[in-house]
Protein chains: 2
Amino acid sequence: MDRQEAHDRILDAAEQLFYGRGIQAVGMAEIRQASGVSLKRLYQCFASKEDLVDAYLRRRDQRWHQALAEHIDRHRSPERRLLAVFDFLAAWFDTSDFRGCAFINAFGELGAVSTPVAGLARAHKCALRAQLRALAVEADAEDAEALADQLLLLVEGAIVAAAMRQTHHCPAEQGKAAARGLLNAHLSTTTPDLSAPPGE
Amino acid sequence: MDRQEAHDRILDAAEQLFYGRGIQAVGMAEIRQASGVSLKRLYQCFASKEDLVDAYLRRRDQRWHQALAEHIDRHRSPERRLLAVFDFLAAWFDTSDFRGCAFINAFGELGAVSTPVAGLARAHKCALRAQLRALAVEADAEDAEALADQLLLLVEGAIVAAAMRQTHHCPAEQGKAAARGLLNAHLSTTTPDLSAPPGE
C-alpha cells in the first residue's frame, strides 16, 4: 500500500465513521481499524485527529458542491436549474447512509469549541448561498439577494427535516413546491402582467 | 441548599454548558463546579450524565414551546398568529447566548449513537410541526399539511442560518417574508377571486 492509497483509505474510513456517528464519538483507533492502515502510517498521513477532521470536511465540501453543480448543469432553463437543487436533495436524502448535513452536524457538535470546524462549516454554507444567489440572478429575480436567502432557508430546512424525519412527505418535494412559489412571486414583480387589458 | 434548589442549580448549569458548548464537550466535574453543588449531591439528583442530558432536553423542550405559544397568543388574527412564529425566532436569535436549536445540535452530535437523545429531538420537532399545522388550520389553508411542512422548512432553515450566520439579513425576517408569500399562495386557492367580474 503506497502513501496515497493509505491516505485515501484513512479518509474514506474517517468520513464513514465521522459522518455516520459524529466526530467526537469516533476515536483514531477505530479509524485505524476500519481503514486497515497501521497506526504509524495513520499518523504519518494525519498528524492529529484535528488534521483528519479538517481533511474530511474539506473533501466532503468539495465533493458535495461538485455533485450539486453537476446536477444543476443537466438543465438549461434558469427555472429548472434553480429547482434542480431540490431534486439533488431528494436523491441525497434517499441514500442509505444519509444523516443530514455533515457541516450542520459538525457545527452543532464542535462549532462552539473548535474555530477551524466552525470556519469550515461557515465556508461550506457560504458557498451554497453563493450558488443559490447565482441561480436567482440567472432566473432574473428582481431581488436576487432576498430570493437566495429564502431559498437557503428552504434548503437547510429540508436537510434538517429529512435527517430527523419530521414529515411524512419528502422534505425535498415540499421545498421544491415552496421554492417554485417563491420564484414565481419574485418574478411576478418584474414580468409584465400579460393578463391586463392593453392601455390600462 | 435543599434538594430542589440543588436540582435546579445543576440543571441551570448543565443547560448553559451543554447548549453553549455541546454535550460531549462538557463533563460532570465541570457541571459540578459551575453549579456549586457537591459531586455526591449531583449524583443524588442525577444518577448519570445520560439522566442529566435527558432532564436538560425535556425542560428546554417544555420552556421553548411554552414561550412560543405565549408569543403566538399575543395575537388574535390567524395570519398574525402564524407569522408571529417568526417574530418569536427573531427575538430568540437576538439573545446573547443563542447557538442554534439545542435539539438539532444534540441530534447532529448524538442522534446516531443515543436512542433517547434522538427520540427527544424528534419529539421536540414533532410538537413544532403540530403547532404549525394548527396555525395553518386556523388560517384556513386549503392544504394545512402541505403548508405546515413548508413552514417547518422555513423555521428550521432560519434557525440553522441564524446559528451559522449565513446571511447578512435576519433569517427570521427572510423566513417571515417567505411564509407570508406561502400563506397567500395557500389561501388564494380557497378565497374567491373578488376581482373577477360577477357572473364569470
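Quick caveat: nothing in here was measured; it's all calculated off a predicted structure.

A. Structural view of the environment of A118 of chain B. Residues and elements named next belong to chain B. With respect to the secondary-structure elements, A118 resides in helix α7 (residues 115-138). The class for A118 is buried, based on a relative accessible area of 5%. Through-space distance from the C-alpha of A118 to that of A25 is 18 Å; in sequence the pair is 93 residues apart. What A118 contacts, discounting residues up to four positions off in sequence, is F107 and G111.

B. Local environment of the packing of helix α1 (residues 3-21) of chain B against helix α4 (residues 49-72) of chain B. All names here are of chain B. Orientation of α1 relative to α4, taken along the N-to-C sense of each, is 85 degrees, at an axis distance of 10 Å. One way to sum up the angle between α1 and α4 is to call them roughly perpendicular. Each of D8, I10, L11, D12, A14, E15, F18 and Y19 in α1 lies in contact with α4, whose residues at this interface are K49, L52, V53, A55, Y56, R59, R60 and R63. For the contact of α1 with α4, the class distribution of residues is nine nonpolar, no polar and seven charged.

C. Geometry of the confidence of the model for chain A. In this model, chain A carries a mean pLDDT of 92, and residues with pLDDT of at least 70 account for 92%. Ignoring residues within four places in sequence, the model shows residues 191-200 of chain A, a span with pLDDT below 50, making zero contacts including any to other chains.

D. Geometry of the domain arrangement of chain A. Residues and elements named next belong to chain A. When its domains are assigned, chain A resolves into domain 1 (1-47) and domain 2 (48-188). For domain 1 versus domain 2, the separation of C-alpha centres amounts to 27 Å. Across the contact, 20 residues belong to domain 1 and 20 residues belong to domain 2. Of the roughly 1800 Å² buried at the junction of domain 1 and domain 2 (both faces included), carbon and sulfur atoms supply 60%. The largest contributions to the domain 1 side of the interface with domain 2 come from E15, Y19 and I23, which together make up 45% of the buried area. The tally of links between domain 1 and domain 2 comes to four salt bridges. Taking the shortest distance from any N to any O, the salt bridge between E15 and R63 comes out at 3.9 Å.

E. The arrangement of the relation of the copies chain A and chain B in detail. Expressed as a screw operation, the relation of chain A to chain B combines 0.0 Å of axial shift with a rotation of 180 degrees, fitting to an RMSD of 0.0 Å. Expressed as an axis order, the relation between the two copies is that of a two-fold axis. By C-alpha distance to the rotation axis, the residue of chain A lying nearest is G157 of chain A, at 2.0 Å. In this assembly, 100% of the residues forming the interface of chain A have copies in chain B that are likewise at the interface, indicating an isologous arrangement.

F. Spotlight on the layout of surface pockets. Residues and elements named next belong to chain B. Its boundaries defined by the atoms lining it, the largest pocket holds a volume of some 300 Å³. What lines the largest pocket is a set of 13 residues, among which E15, Y19, R60, W92 and D97 lie closest to the centre. When its residues are assigned to classes, the lining of the largest pocket shows six nonpolar, three polar and four charged. Inspection of the lining of the largest pocket shows a minimum of three residues originating in each of domain 1 (1-47) and domain 2 (49-188).

The rules behind the values
- Residues numbered from 1 in each chain as written.
- Chains lettered and ligands numbered in written order.
- Predicted model: local features only at pLDDT ≥ 70, side-chain atom pairs only at ≥ 80, totals over all residues.
- Heavy atoms only, no water.
- Helix = DSSP H or I, 4+ residues; strand = E, 2+ residues; numbered from the N terminus.
- Buried < 20%, exposed > 50% of the residue type's maximum accessible area, 1.4 Å probe, protein only.
- Contact = heavy atoms within 4.5 Å.
- Axes fitted to C-alpha atoms, helices over the stretch in contact; angles between N-to-C directions.
- Parallel < 35°, antiparallel > 145°, perpendicular 65-115°, else oblique.
- Nonpolar A, V, L, I, M, F, W, Y, C, P; charged D, E, K, R; others polar.
- pLDDT = per-residue confidence, 0-100.
- Domains from an automatic or database assignment.
- Buried area = accessible area lost by both parts, 1.4 Å probe.
- Salt bridge = Lys/Arg side-chain N within 4 Å of Asp/Glu carboxyl O.
- Least-squares fit on C-alpha atoms with pLDDT ≥ 70 in both.
- 1 Å grid on protein atoms, 1.4 Å probe; cavity = no way out; pocket = protein on both sides within 12 Å on 5 of 7 lines; lining within 4 Å.
- Points joined across faces, edges and corners; volume = space filled by probe spheres on them.

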